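# Report on the structure
The primary structure of each chain is shown beneath.
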Amino acid sequence: DENQTQTDNQQHENFVATLPKNKGWRSENIFLYNGFWLSSDVIKGLLLIHNHFKPQPTDIFLASFMKCGTTWFKALMFATINRHRYKLSDHPLLRTGPQSMFPFLDTHIFLDYPVTNFDHLPAPRLFATHFGYGLLPKSMTSRCKFVYVCRDPKDALVSKWHFMSKLRSKELTPLSFSEAYEMFCNGVSEYGPFWDHVLGYWKASQESPDKILFMKYEDMKREPVVELKKLASFMGMPFTAEEEGRGVVEEIVKLCSFENLSNLDVNKGGGGGQKFTTKVVVENQEFFRKGKVGDWKNYMTYRRDERADRFDHTQQVEGYWFG
Ligand code: A3P
């Protein structure tokens, strides 16, 4: 009931107030919790996940740092897993947009009091999360499959700065790109540090390749058919030769493409959105901006000792970063 909710919220705020804090990109502050900078809302979600979420061994998680391709991969994973259930010409994606395809666990867990029950979802249940690997309960990471999507951090930074600036409370002074850049480099942004995020999943994927598939936004752009086949096999639903012959892989790629999805009414301000909390609702259109590789070049120069260079020198994930 309402009193209980208020007591819970107060207790949560008291707890968060004990954590180291820094300036947030969207809200006033973010807090350091077990090595990651998180908003108060998602710390609440994380604690609920630890205390109440019951992972099923068949669950599949889409894990990503913010703005690395969550929306796109949500569409791809949902369309692939459910390809025998829906016709591609009359697909729920066309009516509701990718965000509603499956829950974003971090905040969805508390949309119902005290926690949302996900038992009604058909197996395999799909969930998205932005939490770093080390933050999640062992019951999840040891049993379930994870698809991790990574992106060039320079593009992730630019995308995140645009996204968060739009959502940022008008009562706060705007965050300049220079300031965002400095903060990002220092690891200070929601769900950051970026590098710890990527490395956590990267190492886990090296140790358990059957449990964690490490994918890249840029690879999916370059070779979507090859990458989607990898993704489908990993999820336990490989495309058959017959399906490949019928062009099913290409059709899913096309359905989920930036061009197709961003031009749908429901993703152009046609009323669809993602409800993160009772207060934070984000319109679908905000999840589609440019959808390109390398937009960072419009914000940073690539020369020694200059901005982009500093990024690439702190990169530690083998084989990922391009010069
Ligand atoms: P840009 O801001 O660079 O355009 P997330 O979904 O993790 O929040 O990431 C959003 C980023 O992915 C945005 O990047 C957005 O435009 C891009 N994006 C959204 N849908 C996409 C799609 N179907 N294909 C490629 N990129 C997509």
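Scroll up for the structure.
Now for a quick tour of the structure. (Residues numbered from 1 in each chain as written. Predicted model: local features only at pLDDT ≥ 70, side-chain atom pairs only at ≥ 80, totals over all residues. Heavy atoms only, no water.)

## A short note on the sheet that holds strand 2 (residues 29-33)
So the rule is basically this: What makes two strands pair is DSSP finding at least two bridges between them. In this description a helix means any DSSP run of H or I spanning at least four residues, a strand means any run of E spanning at least two, and both kinds are numbered starting from the N terminus. In this description, a line fitted to the C-alpha atoms serves as the axis of each element, helices being fitted only across the stretch in contact, and the angle between N-to-C directions of two axes falls anywhere from 0 to 180 degrees. We call two residues in contact when some of their heavy atoms are within 4.5 Å.
Ordered in space as 1-2-3, the three strands form an open sheet in which the pairing is antiparallel. Of all the strands in the sheet, just strand 1 (21-23) and strand 3 (36-38) have a single pairing partner and so form its edges. This sheet shows a mean twist of 35° between the axes of neighbouring strands, independent of strand direction. Bridge count between strand 1 and strand 2: three bridges; the pairing is antiparallel. Paired with Lys23 across the strands is Asn29, a residue of strand 2. Strand contacts of helix 2 (residues 40-52): strand 2 and strand 3, with the helix running at about 35° to strand 2, the strand carrying the most contacts.

## What to know about the packing of aromatic side chains
Each aromatic ring pair is summarised here by two numbers: the centre-to-centre distance and the angle between the ring planes. Short version of the rule: Pairing of aromatic rings covers Phe, Tyr and Trp, the last counted by its six-membered ring, and requires centre-to-centre distances within 6.5 Å; plane angles under 30 degrees mean stacked, over 60 mean edge-to-face, and any other angle means tilted. Note on exposure labels: buried denotes an accessible area under 20% of the residue type's maximum, exposed denotes more than 50%, and partly exposed covers the range between, all computed with a 1.4 Å probe on protein chains only.
Considering all chains together, one arrives at 30 aromatic pairs under this definition. Residues Phe131 and Tyr191 carry aromatic rings whose centres are separated by 5.6 Å and whose planes lie at 65° to one another, so their mutual orientation is edge-to-face. With Phe131 in the loop between strand 5 (126-129) and helix 6 (138-141) and Tyr191 in the loop between helix 8 (177-185) and helix 9 (194-207), this pair connects stretches of sequence that are 60 residues apart. In terms of burial, Phe131 and Tyr191 fall into one category: buried. Summarising the aromatic geometry, the rings of Trp161 and Phe177 are spaced 5.3 Å apart at their centres and angled 80° between planes, so their arrangement reads as edge-to-face.

## Considering helix 2
To keep it simple, the criterion reads: To estimate how far a helix should extend, the number of its residues minus one is multiplied by 1.5 Å.
Between its terminal C-alpha atoms helix 2 stretches 18 Å, which fits the 18 Å expected from 13 residues at 1.5 Å a residue. Of the residues making up helix 2, those classed as buried are Val42, Ile43, Gly45, Leu46, Leu48 and Ile49. Lining the buried residues of helix 2 we find helix 1 (2-16), strand 2, strand 3, helix 5 (105-108) and helix 6.

## Things to note about the site of the ligand
Stated formally: One heavy atom suffices: a residue is near a molecule or strand as soon as one of its heavy atoms comes within 4 Å of it. Think of a polar contact as two N or O atoms within 3.5 Å of one another; within protein, one of them needs to be a possible hydrogen donor and the other a possible acceptor, and neighboring residues in sequence only count if both atoms come from side chains. Computed by Shrake-Rupley with a 1.4 Å probe, the accessible areas treat only the displayed protein chains as cover when residues are assessed. Just so you know the grouping, Ala, Val, Leu, Ile, Met, Phe, Trp, Tyr, Cys and Pro go in nonpolar, Asp, Glu, Lys and Arg go in charged, and all remaining residues, Gly too, go in polar.
For the ligand, the set of nearby residues contains 17 residues, the closest of which are Thr70, Thr71, Ser159, Arg289 and Lys290. The side chain of Arg289 places a nitrogen or oxygen atom 2.7 Å from an oxygen atom of the ligand. A distance of 2.6 Å is found between an oxygen atom of the ligand and a backbone nitrogen or oxygen belonging to Lys290. For the ligand, whose accessible area on its own is 570 Å², the fraction buried by protein is 97%. Grouping the amino acids of the shell around the ligand by side-chain chemistry returns seven nonpolar, six polar and four charged.

## Description of the pattern of salt bridges
Put simply, the rule reads: Put simply, a salt bridge is a Lys or Arg side-chain nitrogen that is within 4 Å of an Asp or Glu carboxyl oxygen.
For the coordinates displayed, the defined rule picks out 13 salt bridges. Across the salt bridge formed by Arg246 and Glu242, the nearest N and O atoms sit 2.7 Å from each other. With Arg246 and Glu242 both in helix 12 (residues 241-246) and four residues apart, this pair spans about one turn of that helix. Of the residues examined, Glu242 reaches a relative accessible area of 48% and is grouped as partly exposed. Here Arg289 and Asp295 are joined by a salt bridge, their closest N and O atoms 2.9 Å apart. We classify Arg289 as partly exposed; its relative accessible area is 34%. Residue classification places Asp295 among the buried residues on the basis of a relative accessible area of 6%. In the salt-bridge network here, residues are joined through shared partners; they are Arg289, Lys290 and Asp295.

## Regarding the sheet that holds strand 7 (residues 212-216)
In space, the four strands of this open sheet follow the order 5-4-6-7, with parallel pairing throughout. Each having just a single partner strand, strand 5 and strand 7 make up the two edges of the open sheet. Averaged over neighbouring strand pairs, the angle between their axes works out to 20° when direction is ignored. One ladder, built from four bridges, connects strand 4 (residues 60-64) with strand 5; its direction is parallel. Bridge pairing in strand 5 places Phe61 opposite Phe127. Strands strand 4, strand 5, strand 6 (145-150) and strand 7 of the sheet are contacted by helix 3 (residues 70-81), whose axis makes an angle of about 165° with strand 4. Running over the sheet, helix 9 touches strand 4, strand 6 and strand 7 and is turned about 130° from strand 7.

## Section: the packing of helix 3 against helix 11 (residues 224-234)
What counts is decided by this rule: Here the angle decides the label: under 35 degrees means roughly parallel, over 145 means roughly antiparallel, 65 to 115 means roughly perpendicular, and every other value means oblique. Two helices that cross are described as forming a left-handed crossing if the nearer one is turned anticlockwise from the farther one by less than a right angle, and a right-handed crossing if clockwise.
As a packed pair, helix 3 and helix 11 sit with axes 10 Å apart at the nearest point and diverge in direction by 60°. Between helix 3 and helix 11, the interaxial angle falls into the category oblique. Crossing geometry of helix 3 relative to helix 11 is assigned as right-handed. Listed contacts from helix 11 to Phe73, Leu76, Met77 and Thr80 of helix 3 are Leu228, Leu231 and Ala232. Along the lines of polarity and charge, the residues of the contact of helix 3 with helix 11 split into six nonpolar, one polar and no charged.

## Some points on the packing of helix 1 against helix 2
In helix packing, the relevant descriptors are the interaxial angle and the interaxial distance, both defined with respect to the helix axes. With their axes 11 Å apart at the nearest point, helix 1 and helix 2 run at an angle of 110° to one another. Here helix 2 runs roughly perpendicular to helix 1, going by the angle between their axes. Counted together, Asn9, His12, Phe15 and Val16 of helix 1 and Ser40, Ile43, Lys44 and Leu47 of helix 2 form the full contact between these two elements. Its residues assigned to classes, the contact of helix 1 with helix 2 shows four nonpolar, three polar and one charged.

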